[in-house]
Amino acid sequence: MNKKKKPGFRTVLAYIVLIILTFLCLFFFYILIINSTRNHFEIQRGFSFLPGKAFLTNLKNVLNDANIPVLSGIRNSLIVSTMSAILATYFSAMTAYGLYAYDFKLKKPAFIFILLILVMPTQVTALGFVRLVTKMNLLDTLYPLFLPSIASPAVFYFMYSYMQSSLPLDLVEAARIDGSGEFRTFNRIVIPIMKPALAVQAIFTFVNAWNNYFIPALIITSNNKKTLPILIAALRSADFLKFDMGKVYMMITIAIVPIIIVYIFLSKYIVEGVTLGGVKE
């Protein structure tokens with residue numbers, strides 16, 4: 001009979017490190033959920049492993065706060081994040097397909113230009129962006145928060161790398177020979193092959209847009225158009241006498257729920273998308 005080999009030292013060490021990392025990741029979520037069930041004075045006393053009894057009270061306080069319109073904040077964040085994810089993934093995939101499947105004179109300069117935009121910080125262009133939005137009469141609207149996602153260099157680069165590893169040009173040529181138009185080829189052949197990459201970038205773009213505070217804070221002024229990060233910041237910066245830690249933790253808990261839902265639905269594509277996107281044949 002063959003004896004089972006005992007796990008080596010490296011395997012045991014790897015499991016220990018993974019367990020510690022998992023614990024550290026989940027521990028902060030656990031603290032967040034526990035504190036959302038405790039009131040302000042209980043939180044001030046210090047950390048507790050046991051949940052409190054103020055969950056519904058905190059939820060009512062958040063929902064009934066006229067200065068913090070949570071429901072409209074959730075709606076606005078969902079609109080901005082969903083539209084950003086759709087526009088960034090679809091149009092970045094289309095741009096990547098154009099540079100990957102076609103040969104033209106300015107192909108290399110165009111690729112370099114997009115990568116140069118990738119390394120440019122958002123803060124550098126913020127003032128010019130606000131001026132442009134003001135001239136276009138789009139200030140205090142949600143459009144400037146998701147329309148720029150059409151041009152997303154980071155998503156483009158990931159899509160381009162994924163196509164190099166997973167999209168054979170012979171397949172595109174075969175579709176052209178069969179009489180398929182370019183848009184039909186892209187939508188019917190390329191997009192299904194790109195599903196894992198699209199799902200990965202949709203998650204990343206959704207989370208980035210959901211957590212974005214800098215640009216919405218510059219563009220949005222009306223209370224009913226503010227996104228969740230702005231409302232959370234407003235709640236945290238409240239007067240000390242009115243400051244309620246229970247409400248803050250409840251707001252943050254509400255804010256992470258949609259991210260978790262999106263992740264659960266699209267998580268099966270993450271490993272496949274990241275692995276194939278980072279490997280070239």
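Thresholds, definitions, all that
Residues numbered from 1 in each chain as written. Predicted model: local features only at pLDDT ≥ 70, side-chain atom pairs only at ≥ 80, totals over all residues. Heavy atoms only, no water. Phe/Tyr/Trp six-rings, centres within 6.5 Å; stacked < 30°, edge-to-face > 60°. Buried < 20%, exposed > 50% of the residue type's maximum accessible area, 1.4 Å probe, protein only. Helix = DSSP H or I, 4+ residues; strand = E, 2+ residues; numbered from the N terminus. Contact = heavy atoms within 4.5 Å.

Now for the packing of aromatic side chains. Under the criterion given, the structure shown has 14 aromatic pairs. Ring centres 6.0 Å apart and planes at 70° place the aromatic pair Phe-27 and Phe-28 in the edge-to-face group. For Phe-28, a relative accessible area of 56% corresponds to the exposed category. Taking the centre distance of 6.2 Å and the plane angle of 85° together, the rings of Tyr-97 and Tyr-102 count as edge-to-face. Take Tyr-97: its relative accessible area is 4%, and that puts it in the buried class.

All right, on to the side chain of Ser-92 then. Counting through the fold element by element, Ser-92 comes out in helix α4 (residues 70-101). Those residues within four positions of Ser-92 in sequence are excluded, and the remaining contacts are Leu-87, Ile-150, Ser-152, Val-155, Phe-156 and Met-159.

A few words on the environment of Met-251. Along the chain, the position of Met-251 falls in helix α14 (residues 245-266). The spatial distance from the C-alpha of Met-251 to the C-alpha of Leu-138 is 28 Å, given a sequence separation of 113 residues. Contact partners of Met-251, with chain neighbours within four places excluded, come to Val-62, Ile-68, Val-70, Leu-228, Leu-231, Ile-232 and Leu-235.

Let us look at unusual backbone geometry. Phi is positive for Asn-137, which is not a glycine, with a value near 55°. Residue placement: Asn-137 occurs in the loop between α6 (122-135) and α7 (143-146). Residue classification places Asn-137 among the exposed residues on the basis of a relative accessible area of 68%. The phi torsion at Asp-140 lies on the positive side, around 65°, for a residue other than glycine. Looking at where Asp-140 falls in the secondary structure, it is placed in the loop between α6 and α7. When its relative accessible area of 14% is taken as the criterion, Asp-140 is described as buried.

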